[in-house]
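# Fold and geometry: a report
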Amino acid sequence: MNKKSELRDFYILWSTQSLSQLGSAITAFALTLWLYEKTGSALSTAALRICTYAPYVVMSIFAGALSDKFDKKKTMLICDLLAALSTIAVFILYKLDMLSVWHLYLINAVSGLMNTVQQPASEVAYTMVVPKDYYQKTGGLQSLSRSLVTIGNPLIASAVYGFAGLDAAIAVDLVSFGIAFVALALFIRIPEIPTDGKEKEAGVLQLAKEGLKYLKDTPMILYVILFMSGVNFVASAFDAVLPALIIPNPRGGNSILGIVTSCSGIAMVAGSLIATAMPKPRDRVKVIYLSMLFSLATENYLLAFSRSPVLWCIGQILGWIFVPVMSTNQNVIMKNTIPANLQGRVYACRNTLQFFTIPIGLLFGGFMVDEVCEPIMSTSGRTLQFLFGTGKGSGAALMMFILGVTGTVMCLVFGHKLKKYNYTD
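Residues numbered from 1 in each chain as written. Predicted model: local features only at pLDDT ≥ 70, side-chain atom pairs only at ≥ 80, totals over all residues. Heavy atoms only, no water.

### Focus on helix H6 (residues 135-164)
At 3.6 residues per turn, the α-helix brings residues three or four places apart onto the same side. Along its 30 residues, H6 runs 41 Å from first to last C-alpha, staying within 8% of the 44 Å computed at 1.5 Å per residue. By the largest-angle criterion, glycine 152 marks the main kink of H6, which is about 30°, and a proline, proline 154, follows within four residues. In terms of residue burial, H6 counts as a mostly covered element, since 21 of its 30 residues are buried. Note on H6: the residue one or two positions beyond its end, glycine 165, has a positive phi of about 95°. (Helix = DSSP H or I, 4+ residues; strand = E, 2+ residues; numbered from the N terminus. Expected span 1.5 Å × (residues − 1). Bend = angle between axes of the 7 residues up to and from the residue. Buried < 20%, exposed > 50% of the residue type's maximum accessible area, 1.4 Å probe, protein only.)

### Re the state of the cysteines
Enumeration according to the criterion identifies 0 disulfides in this entry. The thiol of cysteine 349 is not disulfide-bonded; the next cysteine sulfur, from cysteine 79, is found 17 Å away. (Disulfide = S-S within 2.5 Å.)

### A look at the packing of aromatic side chains
Tallied over the entire structure, the rule returns 13 aromatic pairs. Relative to phenylalanine 388, the ring of phenylalanine 305 lies with its centre 5.6 Å away and its plane at 20°, an arrangement referred to as stacked. With phenylalanine 305 in helix H13 (residues 299-305) and phenylalanine 388 in helix H18 (residues 382-388), this residue pair connects regions lying 83 residues apart in the sequence. Take phenylalanine 305: its relative accessible area is 38%, and that puts it in the partly exposed class. Clustering of aromatic rings is evident, with ring pairs tying together Phe10, Tyr11, Trp14 and Tyr126. One cation-aromatic arrangement involves lysine 335 over tyrosine 135; the distance from NZ or CZ to the ring centre is 5.9 Å. (Phe/Tyr/Trp six-rings, centres within 6.5 Å; stacked < 30°, edge-to-face > 60°. Lys NZ or Arg CZ within 6 Å of the ring centre and 35° of its normal.)

### Here we look at the nonpolar core
Within the largest apolar cluster, 82 residues are counted, with the highest numbers of intra-cluster contacts made by Ile221, Phe227 and Leu245. Filtering out sequence-adjacent residues up to four positions away, isoleucine 221 remains in contact with Tyr214, Leu215, Ile333, Met334, Thr337 and Ile338. Counting 20 residues, the second largest nonpolar core, distinct from the first, contains Val129, Tyr135, Leu141 and Ile190. (Core = buried A, V, L, I, M, F, W, Y, C linked by side-chain atoms within 4.5 Å. Contact = heavy atoms within 4.5 Å.)

### Here we look at helix H4 (residues 72-95)
Helix length check: H4 (24 residues) gives 35 Å between terminal C-alpha atoms against 34 Å at 1.5 Å per residue, within 8%. Turning to H4, its buried residues number three or more, namely Lys72, Lys73, Thr75, Met76, Leu77, Cys79, Asp80, Ala84, Ser86, Thr87, Val90 and Leu93. Taking the backbone nitrogen of lysine 73 as reference, a side-chain oxygen 3.1 Å away marks aspartate 71 as the first, capping residue of H4. Just beyond H4, the residue with positive phi is aspartate 97, at close to 60°. (Polar contact = N/O pair within 3.5 Å; in protein donor to acceptor, adjacent residues only side chain to side chain.)

### Things to note about the environment of asparagine 249
Tracing the chain through its elements places asparagine 249 in the loop between helix H10 (219-246) and helix H11 (254-277). Residues asparagine 249 and methionine 334, spaced 85 residues apart in sequence, show a C-alpha to C-alpha distance of 42 Å. Setting aside residues no more than four positions away along its own chain, asparagine 249 makes contact with Arg307 and Trp312.

Below, the structure written as structure tokens:
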């Protein structure tokens, strides 16, 4: 069997799901622009993502256990369909001029819940359709598609939202969903995972406990996950701060935010190519730690002290270029280490532990900008004004500096802990 036929199902699944992810990201970015126009608050826009991640964090452990009990393909199809229905609800409310902020929070929570169940099933599905020898290559390709989504969605969303409105952005999302749904339903076969039948009979709580026990018994993976939870805290706070830094700036605005955000995707494309082509590292854990230390110790400081769109773009590139290298190495470690019949529940436990800091970080970042840093800068002396600027947005610059210090210290502390672990395949 040649390489192309071995990866046929992967290529179909990867390409169509990536297209659907692009559509969803376009809607999410357009909703952020719409909400910031309505409220002018960093905290309000951060709350939109909090509502997406909150059910994801709270329910992931149980969702992973459910995904191990049921057919992966059916689980993905049902979750995608329900998430699409929530997007249709936004479309209808907007066309009827009834869309309110609380509608978005509720609908995002529903979408987040569907993603909670769908994501671990999807992770296992990729494992089942990819031969083990291709884990690093396909992991790099998945990082590449995420990078292209990051590049494309702010530019496309800004253009579509600016010229045709929120309803057009949602329409693009629904078309991409339809393509992915049909491809998964009709053209992809996901093999069943061999089991002894106990998983089918076991309760969800018992399966969830098995996932937690596996992590407890495998400290290397557990510490990597906890390290990434700290990274996610800083990164999500950064996401909440970035619109408040760029949109009100005299040299910023919606279009500049789209360009700056896209630069992170350009960097991730380069990083994905590096991850795909690079030889197997001698120590994958060390690669994860060092790549994140570089990211967090460069981008935040550069954005904090600069008032130039060019420097903002350079900061994004420095901060994101090694993210695909990190994620590819983490995925290879987990796929090679965790038995396939345990992956759903272990990935779900990973999701809870690694991503629970995202809503906290979003809330922290938005709160700090609105309630702490902007008030400080409005009454600050010349030193702070020289460092972080004046007017609305200077508080966000101060917050970027705080995140830079937080990220650097966190990486150094966790890095010392991770030194005793190493992994190579």
